[in-house]
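Given next are the chains, with one letter for each unit.
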Amino acid sequence: MNARHLLAALLAATSLAACAAGPDYVAPAPPARAEADFIGAASPEVATSPAQADWWRLYDDPVLDALVSDALAANTDIRVAVARIERARASLRGTRSQILPQTSIEGSGTCGRASQARTLPGADREGRTVDAGLSVSYEVDLFGRVSRGIEASRAGLGAAQEDADAVRVTVVADTVRAYVDAASYAEQLAVAQHTVDLLDRSVRITGARFERGLNQKLDVIRVTQLRDEQAAAIPAIQAQRDAALFRLATLTGKTPQDLPAAARERRTTPDVTQPIPVGDGRALLARRPDVRAAERRLAADTARIGVATADLYPRITLGGSVGTTAVGATDIFAGGPLRWLLGSLISWAFPNQEAIRARIGEAKADTKADLAAFDGTVLHALEETETALSAYRNALLHKQQLASAREAADRAAQVSIARQSRGQIDALDVLDAQRTLAQSEAAYAQATQGVARAQVDLFRALGGTWQDRPHAITSAAP
């Protein structure tokens, strides 16, 4: 075969390469009802406007903004996810290289001396041999084995990118929650200390009345006991606040000693006072990185069916080589030692193709599993969002009811102290009123924290976006 015939065969084979084996990928469609408005969106606490990607800015807290920026830049989980993106990108480069001709250069040189018994009389017993050559091979991708492999690697890279975004969603939510917890526990500490201060006043009043014979010793003991019980709660709250701050340091890639002092200063629980924008189901599924990652994995395994199917058909490789073998370095570029070779290779596993068909069956089973995983991820995303909406709405109602209970308990405590000073009730009634107030204050502070946590959980369920990439679920292109 001369060079003209070889080139013609190469062009003809390349024209057939568009016939890729295996199924063409089509992005799965979620259930129609999945793209509707949320059940929990019919609530004044939320709005159906598009969700905000950088949702933490709704808190309008520069300290929190800086902490989230630190977390996105230095969190160790995000660094791991980014490294996996780099690995997937390198794998894609390696797969793409298969569409190019593969070349290799070889060279060797020997110098030796033969034994006298193996050498003809008068012949030179010592000799040098130099061998050098260039080989080129090209696989004609007749049935799409290489193109399907590139398609699978590209989808794998997309899945790695979406996984990284899912990690970012989690890290940002955990960072905001740690900040919220630290501030909330500081607020609860203030409430607990205020309660102790009020009970200290009651201890003094009850003690003074006991000295004047207006109260019994048992009254002093009871109010002192209540005061000590409330004081005992302070160390536990302090430990919880310290744990939240240490967690915040880890999330932002810092040691506990390096956490900025500004992160410790807030004493009130952060809150989003405006209705939270949540969008609808369609926007949610297009935004959630776990849904997009599941779709990309399905695309990758669908392409791998084509890779496996292509092995049912012949694999054609065109190649050539040029080289020289010379006895002595002076003859290496002479015309005589030069050699060249052009040819083709056809390899075909036939008729026993059972092993190949088994691999095809494995790839199809993986695709079925990926489709089920995608459907499950869609349902989980909707469940998580609806659950978060319900939890947020009910957390607000819980807080409102406790606010009324706290106001009533505060009025009852003030009235009881006033009536005690006039001798109208005994110390036991005052003690009960103060205990109720202490419990109401603590419950309201915890409810405030519950609302803030429910907000973070809702934002986590809604997901986030950090890169201007097409949403994989809405794109069927590999």
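Quick note: structure is the one above.
Overview of the structure. Remember, it's a predicted structure, so these values are computed and weren't measured experimentally. (Residues numbered from 1 in each chain as written. Predicted model: local features only at pLDDT ≥ 70, side-chain atom pairs only at ≥ 80, totals over all residues. Heavy atoms only, no water.)

Side note on the side chain of Glu-295
Stated precisely, the cut-off is as follows: Secondary structure is summarised from DSSP: a helix means a run of H or I of at least four residues, a strand means a run of E of at least two, and numbering begins at the N terminus for each. In this scheme, a residue with accessible area under 20% of its type's maximum is buried, one over 50% is exposed, and one in between is partly exposed, where area comes from a 1.4 Å probe on protein chains only. Counted as a polar contact is a pair of N or O atoms within 3.5 Å, where, for protein atoms, one must be capable of donating a hydrogen and the other of accepting one, and residues adjacent in sequence contribute only when both atoms are in side chains.
Looking at where Glu-295 falls in the secondary structure, it is placed in helix α8 (residues 289–310). The class for Glu-295 is buried, based on a relative accessible area of 0%. Separated by 2.6 Å, the side chains of Glu-295 and Tyr-25 make a polar contact.

Describing a nonpolar patch on the surface
Operational definition: Residues forming no salt bridge and having over 30% relative accessible area are the ones grouped into patches, like charges within 9 Å of each other and nonpolar side chains (Val, Leu, Ile, Met, Phe, Trp, Tyr) within 5 Å. Per-residue and other accessible areas were derived by the Shrake-Rupley procedure at a 1.4 Å probe size, with only the shown protein chains allowed to occlude residues. Here, a salt bridge means any side-chain nitrogen of Lys or Arg that lies within 4 Å of a carboxyl oxygen of Asp or Glu.
The grouping of Ile-105, Leu-134, Val-136, Val-322, Trp-340 and Leu-342 at the surface amounts to a nonpolar patch, some 600 Å² of accessible area in total. Among the secondary structure elements, those contributing two or more residues to the nonpolar patch are β3 (126–140) and β6 (338–347). Note on placement: Ile-105 falls in strand β2 (residues 102–113).

With respect to the pattern of salt bridges
This structure, assessed with the given rule, holds 28 salt bridges. With its nearest N and O atoms 4.0 Å apart, the salt bridge here joins Arg-177 to Asp-181. With Arg-177 and Asp-181 both in helix α4 (residues 145–211) and 4 residues apart, the pair spans about one turn of that helix. Taking the relative accessible area as the measure of exposure, Arg-177 reaches 24% and is therefore partly exposed. A relative accessible area of 10% means that Asp-181 is categorised as buried.

Re the sheet that holds β6
To be explicit about the condition: By the convention used here, strands pair only if DSSP detects at least 2 bridges between them. Every axis in this analysis is a line fitted to C-alpha atoms, fitted for helices over the stretch in contact. Angles between the N-to-C directions lie between 0 and 180 degrees.
If you walk across this open sheet you meet the 4 strands as β2-β3-β5-β6, and the pairing is antiparallel. Pairing within the sheet leaves two strands with one partner each, and these edge strands are β2 and β6. The average undirected angle you get between the axes of adjacent strands in this sheet is 15°. The pairing of β3 with strand β5 (residues 315–327) spans 12 bridges and is antiparallel.

A closer look at the environment of Asp-181
Rule in force here: Working rule for contacts: check all heavy atoms of both residues, and any pair within 4.5 Å makes them a contact.
C-alpha separation for the pair Asp-181 and Gln-449, spaced 268 residues apart in sequence, amounts to 7.1 Å. Other than its neighbours up to four places away in sequence, Asp-181 contacts Ala-244, Gln-449 and Arg-453. Polar side-chain contacts of Asp-181 include one of 2.9 Å to the side chain of Arg-453.

Remarks on helix α3 (residues 76–96)
Under the convention used in this document: The span expected for a helix works out to 1.5 Å for each residue beyond the first. By construction, the arc corresponds to the directions joining the helix axis to the C-beta atoms.
Here α3 contains 21 residues, and its C-alpha end-to-end distance of 30 Å stays within 8% of the 30 Å for a straight helix at 1.5 Å per residue. Of all the residues in α3, the buried ones are Ile-78, Ala-81, Ile-85, Ala-88, Leu-92 and Thr-95. One face of α3 carries all of its buried residues, which in axial projection span an arc of 95°. What points out from α3, more than 90 degrees from its buried face, is the exposed set Arg-79, Arg-87 and Arg-93.

Comments concerning unusual backbone geometry
The omega torsion across Phe-350 and Pro-351 is 5°, close enough to zero to call that bond cis. Secondary-structure assignment places Pro-351 in the loop between β6 and α9 (354–421). A positive phi is found at Asp-60, a non-glycine position, where the angle reads about 55°. Within the element layout of this structure, Asp-60 appears in the loop between β1 (46–47) and α2 (62–74). On the basis of relative accessibility, which here comes to 66%, the residue Asp-60 falls in the exposed class.

Here we look at the nonpolar core
As a reminder, the rule being used: Among buried residues, the Ala, Val, Leu, Ile, Met, Phe, Trp, Tyr and Cys ones that are joined through side-chain atoms within 4.5 Å form a nonpolar core.
By size, the foremost hydrophobic cluster in this structure holds 50 residues, and its most contacted members are Trp-55, Tyr-59, Val-176, Ile-276, Val-278, Tyr-392 and Leu-458. For this core, the secondary structure elements donating two or more residues are α2, α4, α5 (217–251), α7 (281–287), α8, α9 and α10 (427–462). Among the elements that make up this core, the one with the highest residue count is α9 (9 residues). Sequence-distant contacts of Val-176, that is, excluding residues within four places in its chain, are made with Trp-55, Trp-56, Tyr-59, Leu-64, Val-68 and Val-456. Listed in part, the 9 residues of the second largest apolar core include Ile-85, Ala-88, Ile-150 and Leu-157.

Some words on the pairing of β2
Here β2 lies mainly on the outside; 0 of its 12 residues are buried. Pairing of β2 with β3, which is carried by 12 bridges, proceeds in the antiparallel orientation. Its bridge partner being in β3, Thr-103 is matched across the sheet by Val-136.

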